[in-house]
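Given next are the chains, with one letter for each unit.
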Amino acid sequence: MNNFIGIVVSFAYFFGLLIASQYMPFKTLEGKRKFVHIMLGNWWLLVIAFFSNVFAAMVVPVSFIFINYLSLKRDKENGLLSSLERKNQKSYGIVLYPVAMSILIWMSFSVWHDIRIGGIGLIALSYGDGIAALTGKHFKYGAFKIFGNKKTISGSLGMLVSTFSIALIYMYVTNLVSIEELMLVSFSVAMVSTVAEAITPFGIDDITVPVSAVVMYCIFRS
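Residues numbered from 1 in each chain as written. Predicted model: local features only at pLDDT ≥ 70, side-chain atom pairs only at ≥ 80, totals over all residues. Heavy atoms only, no water.

## With respect to the nonpolar core
Trp-43, Trp-44, Ile-105, Ile-120, Met-171 and Tyr-217 are the most contacted members of the largest nonpolar core, which totals 52 residues. Looking at this core element by element, the count peaks at nine residues for helix α6 (residues 115-139). If we ignore the near neighbours within four places in the chain, the residues touching Trp-43 are Ser-10, Tyr-13, Phe-14, Phe-51, Ala-57, Pro-61, Met-101, Ile-105 and Leu-122. (Core = buried A, V, L, I, M, F, W, Y, C linked by side-chain atoms within 4.5 Å. Buried < 20%, exposed > 50% of the residue type's maximum accessible area, 1.4 Å probe, protein only. Helix = DSSP H or I, 4+ residues; strand = E, 2+ residues; numbered from the N terminus. Contact = heavy atoms within 4.5 Å.)

Shown next as structure tokens:
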């Protein structure tokens, strides 16, 4: 029963974010997009609270892989989920995001056997990558290019600080590491995910950022 409730609450949360983004005082579509991008990271708390079955937990992100893809193909500017997609810029980020969530769900249940672990990857993707884009856009300090990716030092620093901070809180609250290791593990997770975001080509950092964050955690765990 909890799994069914989790599905209902998750869909309500996802669509609630989309609706809320339309009424938030953002001046640009990008602001709405990043609001949703960041706040989706909180979904993992619902995963921990409700889901005990991998297939039930994957219902929502897998559904949004198809919903987002159809929305992207239909009309990127006025599609079902237009607040998730950049205007006049071809990107499959709104599809790769739920793909990453699905991977994290499956790995958490089937490989790590600890649902808390996948949350590390999602917070790096949601808060870290989202805040990196915002800080890079507003401060634009130290522009550089790696593998064709245009990045800024300010954006990378924003991601490093935000990922470190939220990882520190998340791993402390969920008791994933000891107090003695908390600072080191959080910083290592933040550092490797920041590097992954900066160097990943072809716009697939929605996959490499969460995966690299979890891999770094697992290295310390082993």
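## Here's the deal with the confidence of the model for the chain
On average, residues of the chain score 88 in pLDDT, and 91% of them are at 70 or above. Mean pLDDT across the elements of the chain ranges from a minimum in strand β1 (residues 143-146), with 78, to a maximum in helix α3 (residues 43-50), with 97. Low pLDDT, under 50, characterises residues 76-80; the stretch is placed with 15 contacts to residues that sit more than four places away or in other chains. (pLDDT = per-residue confidence, 0-100.)

## Description of unusual backbone geometry
The phi dihedral of His-113 is positive, around 55°, even though this residue is not glycine. Along the polypeptide, His-113 turns up in the loop between α5 (93-110) and α6. Even without being glycine, Asn-175 reaches a positive phi, approximately 60°. Inspection of the secondary structure assignment puts Asn-175 in the loop between α7 (153-173) and α8 (179-199). The class for Asn-175 is exposed, based on a relative accessible area of 57%.

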